Amino acid sequence: MTIESAVTLGVQYCARAVKIVLACAVLVSTVGCSLQPAAPSSVDGASLNASLQFCSDEINRLRALVGRPALARSNSLESFATSAAQHDASAGVPHAFFRNTNGGGVSSAETELLLWKNYQVKDVIRQGLAQMWNSAGEHYDVLIGPYSEVGCGVFINGSEVSVAQDFK
């Protein structure tokens, strides 16, 4: 191989790499993603309810991918999950409230997204559930488990968002 052909080949590889980077940048900008997460905003009643609905809808969307039935949204589980998210965020320990109360007499299983800093609530839910879904193990097993009800709870403390999902 001559120096000229090696340089030409190198330029071609660089040109391909630039095209890939540009294509990725266009994709990211068109789907509305950003490299920096947005800081959470305070949640009023309407947006909290929308976030809780989004959480249960996202769990049901994932369950449908593997033929699992949809779970009904439960007020008692939402109340428990909200307490769990607040307690565990304050303690900095996932599932502490669930373990300490044995599910509060209402929850059989729990997944939790604890202390996500500088994210919007829906982004925590979307990205956190996707991470649990894509990892083999206990979290995935809970998400597809033999439950009939789900309740999500949200706790925001400054720039930190915690979301608990409880199942029965």
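Residues numbered from 1 in each chain as written. Predicted model: local features only at pLDDT ≥ 70, side-chain atom pairs only at ≥ 80, totals over all residues. Heavy atoms only, no water.

Draft legend 1. Expanded view of the side chain of Ser 56. Within the secondary structure layout, Ser 56 lies in helix H2 (residues 45-65). Its relative accessible area of 3% is what places Ser 56 among the buried residues. Within the structure, the side chain of Ser 56 is placed 3.1 Å from the backbone oxygen of Gln 53, a separation counted as a polar contact. When sequence neighbours within four positions are dropped, the list of residues in contact with Ser 56 reads Arg 73, Val 150 and Cys 152. (Helix = DSSP H or I, 4+ residues; strand = E, 2+ residues; numbered from the N terminus. Buried < 20%, exposed > 50% of the residue type's maximum accessible area, 1.4 Å probe, protein only. Polar contact = N/O pair within 3.5 Å; in protein donor to acceptor, adjacent residues only side chain to side chain. Contact = heavy atoms within 4.5 Å.)

Draft legend 2. Up close: the state of the cysteines. Inspection of the entire model under this criterion finds 1 disulfide. Sulfur-sulfur distance for the disulfide between Cys 55 and Cys 152 comes to 2.1 Å. Taking the torsion about the S-S bond as the criterion, the Cys 55 to Cys 152 disulfide, at about -75°, is left-handed. Highlighted residues: Cys 55 in helix H2 and Cys 152 in strand S3 (residues 149-157), separated in sequence by 97 residues. Both residues of the pair, Cys 55 and Cys 152, count as buried. (Disulfide = S-S within 2.5 Å.)

Draft legend 3. Geometry of the nonpolar core. Membership of the largest hydrophobic core comes to 24 residues, with the highest contact counts inside it found for Ile 59, Ile 125, Leu 129, Leu 143, Val 163 and Phe 167. For this core, the leading source of residues is helix H5 (residues 121-134), giving 6 residues. Ile 125 has contacts with Ser 51, Phe 54, Cys 55, Glu 58, Leu 113 and Val 163, leaving out every residue within four places of it along the chain. Counting 10 residues, the second-largest nonpolar core is a separate cluster that includes Phe 80, Ala 89, Phe 98 and Leu 114. (Core = buried A, V, L, I, M, F, W, Y, C linked by side-chain atoms within 4.5 Å.)

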